[in-house]
Amino acid sequence: MADPFLAALDQATRTVVARVRGELPAAPLAAVAITHYYCCNPDRALCGLDLSGMPPAGAGEQDCVVCVDLDADCPRCASGQSAA
């Protein structure tokens, strides 16, 4: 029997990847309490999520695992990311 945590993590990862690719609609913003990171375009997260109209990140929110993986200096502007 597979570890339930690993099975849930695998499903969550597949869902995030499908959303970034546009294969699934984005989750409703009201249901999501996740901090996303952006760089050159404040309306687009590093993970591909549309951030336009999204309120600023709050304290204690969970970081987006995809944005955290991509968190590095931007090759276009040579600066770090900001949180939204």
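Quick caveat: nothing in here was measured; it's all calculated off a predicted structure.

A. Structural view of the overall build of the protein chain. Along the backbone of the protein chain there are 2 helices and 4 strands. Its helices and strands in sequence order give the protein chain the pattern α-β-β-β-α-β, from N to C terminus. When burial is assessed residue by residue, the protein chain has 20% of its 84 residues classed as buried. Taking contacts inside the protein chain between residues at least 6 apart in sequence as the whole, the part at least 24 apart equals 54%.

B. Highlighting the state of the cysteines. The final tally for this structure, using the stated rule, is 0 disulfides. Distance from the sulfur of Cys67, which forms no disulfide, to the nearest cysteine sulfur (Cys64) is 3.8 Å. Taking relative accessible area as the criterion, Cys67 reaches 0% and is therefore assigned buried.

C. Broad picture of the environment of Ala33. Take Ala33: it is sitting in the loop between helix H1 (4-20) and strand E1 (34-35). A relative accessible area of 49% places Ala33 in the partly exposed class. Remark: the alpha-carbon pair of Ala33 and Asp63, spanning 30 residues in sequence, is separated by 8.8 Å.

D. Summary view of a nonpolar patch on the surface. Residues Phe5, Leu6 and Leu9 make up a contiguous nonpolar surface patch of about 330 Å² in total accessible area. The exposure class of Phe5 is exposed, given its relative accessible area of 57%.

E. Structural context of the environment of Cys67. As for its placement among the helices and strands, Cys67 is situated in helix H2 (residues 65-70). Considering only alpha carbons, one finds Cys67 and Thr35, 32 residues apart in sequence, at a separation of 8.7 Å. For Cys67, the residues in contact, after removing those within four places along its chain, are His36, Tyr37, Ala45, Leu46 and Cys47.

F. Structural context of the pattern of salt bridges. Per the stated rule, a full pass over the model turns up 1 salt bridge. With its nearest N and O atoms 3.0 Å apart, the salt bridge here joins Arg14 to Asp10. Of this pair, Arg14 and Asp10 are both found in helix H1, 4 residues apart, which corresponds to roughly one turn of the helix. For Arg14, a relative accessible area of 54% corresponds to the exposed category.

Conventions adopted
Residues numbered from 1 in each chain as written. Predicted model: local features only at pLDDT ≥ 70, side-chain atom pairs only at ≥ 80, totals over all residues. Heavy atoms only, no water. Helix = DSSP H or I, 4+ residues; strand = E, 2+ residues; numbered from the N terminus. Buried < 20%, exposed > 50% of the residue type's maximum accessible area, 1.4 Å probe, protein only. Contact = heavy atoms within 4.5 Å. Disulfide = S-S within 2.5 Å. Patch = residues over 30% accessible without salt bridge, like charges linked within 9 Å, V, L, I, M, F, W, Y side chains within 5 Å. Areas by Shrake-Rupley, 256 points an atom, 1.4 Å probe, with all protein chains shown as cover. Salt bridge = Lys/Arg side-chain N within 4 Å of Asp/Glu carboxyl O.

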